[in-house]
Amino acid sequence: MHVLRRTTVATAVMLAAISLGACSSSGSASGSASGSDSDSAKGKVPIDQVNWPVEVPTSGLVKGMELPLEAYLPSYADQVAVDTALRTLQTRCMSEYGLTVDLPRPGANPPPYSNAVSIERRYGLSDRAQAQKYGYGLPKELTRSLESVEGGLSGIEVEVLTGRKKRESAPPKGGTGSVGQFGTVPEPARAEHNGKKLHEGGCAGWSKRRLKVNEGDAGFVSGLASTSLSESRPSKPVEKALKSWSACMKEKGRKAADPYRAMEQGYADGDGTTKNAIELALDDIDCKEQTRLIEVWFKEESAVQKRLIEENKDQLAAVKKRMGEVLAAAKAVK
């Protein structure tokens, strides 16, 4: 796991965006998130899919690349379908407590990548056109998935939805919440509201149980993907390519042992979109192209993943089966 620990804060934020887009539901519309007739009938503006991440990259140095384990992760489009059903169930559940909420619609604020593998930045930057415009950063429209769903909800609405009190930036005076890595650890919600007992995990937990969502599945596959990245990093072909890439960067007046270090430098003085960051990003990508670093690393990691898939074939077959069942159950929600 040492490779992942060395990734930048910025990369971690990007991965968090994917996690939010893939694992948490984010909308209240009962119609399709792709802009169905039911949306129009209810006066909703159809979701614009122009910024939705593609399943397989169509540009850059990772064009056409898809790692074997991606077959066991839901695409963003499928996750939107599941999230739409979850939000429909959650909204109905909230209404049973006398609460009317308008939660973010699935698909409205897409994450940068289709799934947790994040192939576009798995080995650092890969798209020169994007780097020329944004450096190491991302367009603002692709970072909105990091926004909290709870932001526009009242305290009681959060409790009924999640089964816990609304998060605070600091522990309230006399409260029992403790400060953790991501702020205050919230207290459990009240036992009931309007005379009705709260569901375990709130309406969100109830909706996931209705669809039989197994949140451990995504974690299991992502764990295997983390292992494959770590195990492929010290392979001889990757080490050789990394040394060539570092030498190429040195010729351009840059000092970086690997693309993650370059990304750290790109974010050192801001959001990764400064003039210096853009110039660094372009050198980074040009050296990757010259040394075929991404091509080499992708090949080595693919081999590791194929081995991991064989070693875990029964568990992964079960994961894939459950994925299909959850998606079918989601599409049946009206």
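Going by the structure above, here's the rest.
Residues numbered from 1 in each chain as written. Predicted model: local features only at pLDDT ≥ 70, side-chain atom pairs only at ≥ 80, totals over all residues. Heavy atoms only, no water.

What to know about the packing of aromatic side chains
So, point 1. Using the criterion set out here, one finds 3 aromatic pairs in the structure.
So, point 2. Seen in terms of ring centroids, Tyr-123 and Trp-297 are 5.1 Å apart; in terms of plane orientation they differ by 35°. Their pairing is tilted. Remark: Trp-297 occurs in helix H12 (residues 293-311) and Tyr-123 occurs in the loop between helix H4 (76-95) and helix H5 (128-134); sequence separation between them is 174 residues. A single burial state applies to Tyr-123 and to Trp-297, both of which are buried.
So, point 3. When the centroid spacing of 6.2 Å and the interplanar angle of 65° are considered together, the rings of Tyr-260 and Trp-297 count as edge-to-face. One end of the pair, Tyr-260, is in helix H10 (residues 259-267); the other, Trp-297, is in helix H12, with 37 residues separating them in the sequence.
So, point 4. Residue class for Trp-297 comes out buried when judged on its relative accessible area of 1%.
So, point 5. Lys-196 extends its terminal NZ or CZ atom over the ring of Tyr-97, reaching a point 5.5 Å from the ring centre. (Phe/Tyr/Trp six-rings, centres within 6.5 Å; stacked < 30°, edge-to-face > 60°. Helix = DSSP H or I, 4+ residues; strand = E, 2+ residues; numbered from the N terminus. Buried < 20%, exposed > 50% of the residue type's maximum accessible area, 1.4 Å probe, protein only. Lys NZ or Arg CZ within 6 Å of the ring centre and 35° of its normal.)

Brief notes about the pattern of salt bridges
So, point 1. A complete count under the given rule lists 17 salt bridges for this structure.
So, point 2. With its nearest N and O atoms 3.4 Å apart, the salt bridge here joins Arg-261 to Glu-264. Of the two residues, Arg-261 and Glu-264 both sit in helix H10, 3 residues apart, roughly one turn of that helix.
So, point 3. For Arg-261, a relative accessible area of 33% gives the class partly exposed.
So, point 4. A salt bridge links Arg-307 to Glu-311; its shortest N-O distance comes to 3.1 Å. Pair noted here: Arg-307 and Glu-311 are both in helix H12, with a separation of 4 residues, about one helical turn.
So, point 5. Three or more residues are tied together by salt bridges with common partners; here these are Glu-159, Lys-165 and Arg-190. (Salt bridge = Lys/Arg side-chain N within 4 Å of Asp/Glu carboxyl O.)

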